[in-house]
Amino acid sequence: MPKTRTKLKHRGIRIHRLSIIMLALAVITSAILYMSMQMTTRINDETADLTNLLGRYRSDAYELQIASDYLTDKIRCFVVTGQKQYLDDYFEEANVTKRREKAIGELESHRKDSPSVKSIKEAMGDSVELQNLEYYAARLIVESYHRKLSDYPDEIQAVSLTNEDKAKTSIQKKDKAIDSVFGNEYYKAKESISSHMNTCLKDLSEELSLEQAEISEKLRTQVFIEHMLTIVLIILMFLLVAITLKMVVLPLRESVKLIRKEKDLPLKGAYEVRFLAKTYNLMHHTNLKSFEKLNHDATHDELTGLYNRRGYDFLLENIDIETCALILIDLDRFKQINDKYGHDIGDKILIRVTEVLNNSFRNRDYICRFGGDEIAVIMIHADPSMRSLIENKVIEMNEILNDNEEGLPPISISAGVAFGKEGITIDELFKNADKALYEVKEHGRNGVYFNL
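What counts and what doesn't
Residues numbered from 1 in each chain as written. Predicted model: local features only at pLDDT ≥ 70, side-chain atom pairs only at ≥ 80, totals over all residues. Heavy atoms only, no water. Patch = residues over 30% accessible without salt bridge, like charges linked within 9 Å, V, L, I, M, F, W, Y side chains within 5 Å. Areas by Shrake-Rupley, 256 points an atom, 1.4 Å probe, with all protein chains shown as cover. Salt bridge = Lys/Arg side-chain N within 4 Å of Asp/Glu carboxyl O. Helix = DSSP H or I, 4+ residues; strand = E, 2+ residues; numbered from the N terminus. Buried < 20%, exposed > 50% of the residue type's maximum accessible area, 1.4 Å probe, protein only. Right-handed = clockwise from strand over helix to strand, strands pointing away. Expected span 1.5 Å × (residues − 1). Arc of directions from axis to C-beta. Core = buried A, V, L, I, M, F, W, Y, C linked by side-chain atoms within 4.5 Å. 1 Å grid on protein atoms, 1.4 Å probe; cavity = no way out; pocket = protein on both sides within 12 Å on 5 of 7 lines; lining within 4 Å. Points joined across faces, edges and corners; volume = space filled by probe spheres on them. Nonpolar A, V, L, I, M, F, W, Y, C, P; charged D, E, K, R; others polar.

1. Regarding a nonpolar patch on the surface
On the surface, a cluster of nonpolar side chains totalling about 520 Å² of accessible area is made up of Phe-224, Ile-225, Met-228, Ile-231, Ile-235 and Leu-239. Tracing the sequence through the fold places Leu-239 in helix α9 (residues 184-260).

Have a look at this one:
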């Protein structure tokens, strides 16, 4: 284990592998979180279903009570008025609509063995027993009005009156019927039905409360799991960002600064970053050696000692042009001087201009001669903030070159300046400087123009 740790410290962790591991952990955690969220949704649905069921069960239970009261109301109206329509409505409910039976069937289909079903069945039993009393009272009314028995339902026809009741007069039979559905016995039966119904509702509430408590506990557990998984995902995200920042971003930022200073890169950070640093360091040293080994005559102008076109191309390919300034310089009317004074004087003027340029620019700046009077200056680490400095240099150089104390004809220079920027190419930088030089020539020479 210590050996592995030492090896990792020396070579660095492979950010590619680490990213795959972190991604895999994030995917697994996200999958678990998704499944947990699905489970939470199902539990929420169960809670909603349970709430709806409670309403349905209560509605079913109340339906039996309502149906029982409806039957009571219809039989009483029939007994009091003797109107057959009330009895027809009674049997329509009892034999066709059957709200009591449907309510019990609905409740029993979901909660077959629960105490609430037992209570509602007992209420139904009391209601059925009460019906026998209601049938008897209806038969008494039919007899009291001397109506044709065959016109009434089978349940009424099947009722047998006692000999005592048969012997009663029509008024006595009607009084007996009214007393049957309005008397104490009837009220006690109705109270028994209500009592069983209340017990049923109480049992339902208790049963569903227990189920709701179980579901609530499951829901709390699921929410806790989701919170924990969310925290894990956040931690993984921060870890990935922190690792990437420490092992990739910060080392790369430091490397950019060192590259611009033409220094070696430190071997730290992820394996891939270290590999790039090693490769760059090797290339950097190789370039330095190659640069030193280049034949001086191959890269320098023989007359002035400045870099020639080959040296200029090599420099631009190996420096950071984004942070440089390129100054293209022409000697004003140099051809006329050559024609008038001869090439020897022209060469002395070029040497004089070279001396002035070398004295005006920094040691780390590169001065190149393309041929004839075309000269380029590559200023390292220069930006538009140095505009005034460059302008003053050109003015000062023209003042010096205009002095003919050495017996040379006075001459001036025209300069076009372009600054590097992010993403610029060598060709673009040259074209920008060339356009600036053209502007100077178009406006009388002997000056400097900036293409910003």
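2. Observations regarding the pairing of strand β4 (residues 413-419)
Each regular strand displays side chains that alternate between the two surfaces of the sheet. With respect to burial, β4 is a largely interior element, seven of its seven residues being buried. Each parallel crossover has a hand, and the one from β4 via helix α16 (residues 426-442) to strand β5 (residues 447-451) is left-handed.

3. Here's the deal with helix α8 (residues 170-182)
The terminal C-alpha atoms of α8, which comprises 13 residues, lie 18 Å apart, in line with the 18 Å expected from a rise of 1.5 Å per residue. For α8, the complete set of buried residues consists of Lys-173, Ala-177, Ser-180 and Val-181. When α8 is viewed along its axis, its buried side chains cluster within an angular range of 85 degrees and face the same direction. Opposite the buried face of α8, at more than 90 degrees from it, the exposed residues are Ile-171 and Asp-179.

4. A look at the nonpolar core
Counting residues in hydrophobic clusters, the biggest one holds 35 residues, and the most contacted among them are Leu-64, Ile-75, Phe-78, Val-79, Leu-87, Ile-120 and Ile-156. When residues of this core are traced back to their parent elements, those giving at least two are α2 (15-81), α3 (84-97), α4 (99-110), α5 (115-144), α8 and α9. The element that contributes the greatest number of residues to this core is α5, accounting for 12 residues. Formed by 30 residues, the second largest nonpolar core is a distinct cluster that contains Leu-331, Phe-334, Val-377 and Val-448.

5. What about the pattern of salt bridges?
Counted by the stated rule, this structure contains 14 salt bridges. In this structure, Asp-69 engages Lys-190 in a salt bridge whose closest nitrogen and oxygen atoms are separated by 2.8 Å. Of this pair, Asp-69 sits in helix α2 while Lys-190 sits in helix α9, and the two are 121 residues apart along the sequence. Lys-190 sits in the buried class, given a relative accessible area of 11%. Among the salt bridges present, the one from Arg-99 reaches Glu-93, with a minimum N-O distance of 3.0 Å. The exposure class assigned to Glu-93 is buried, which follows from its relative accessible area of 6%. Residues joined in a network through salt bridges with shared partners are Asp-165, Lys-168 and Lys-176.

6. Section: empty space enclosed by the protein
In total, this model carries three cavities of 30 Å³ or more according to the counting rule given. By volume, the largest cavity is sized at about 90 Å³. Considering the residues around the largest cavity, the lining is formed by 10 residues, among which Arg-352, Leu-401, Asp-403, Leu-408 and Pro-409 are closest to the centre. Tallied by class, the residues present in the lining of the largest cavity amount to six nonpolar, one polar and three charged. Of the volumes computed, that of the second largest cavity is approximately 40 Å³. Together, Pro-251, Glu-254, Ser-255, Pro-266, Lys-268, Val-273 and Ala-277 line the second largest cavity. Secondary-structure elements contributing two or more residues to the lining of the second largest cavity are α9 and α10 (271-293). With three residues, the top contributor of residues to the lining of the second largest cavity is α9.

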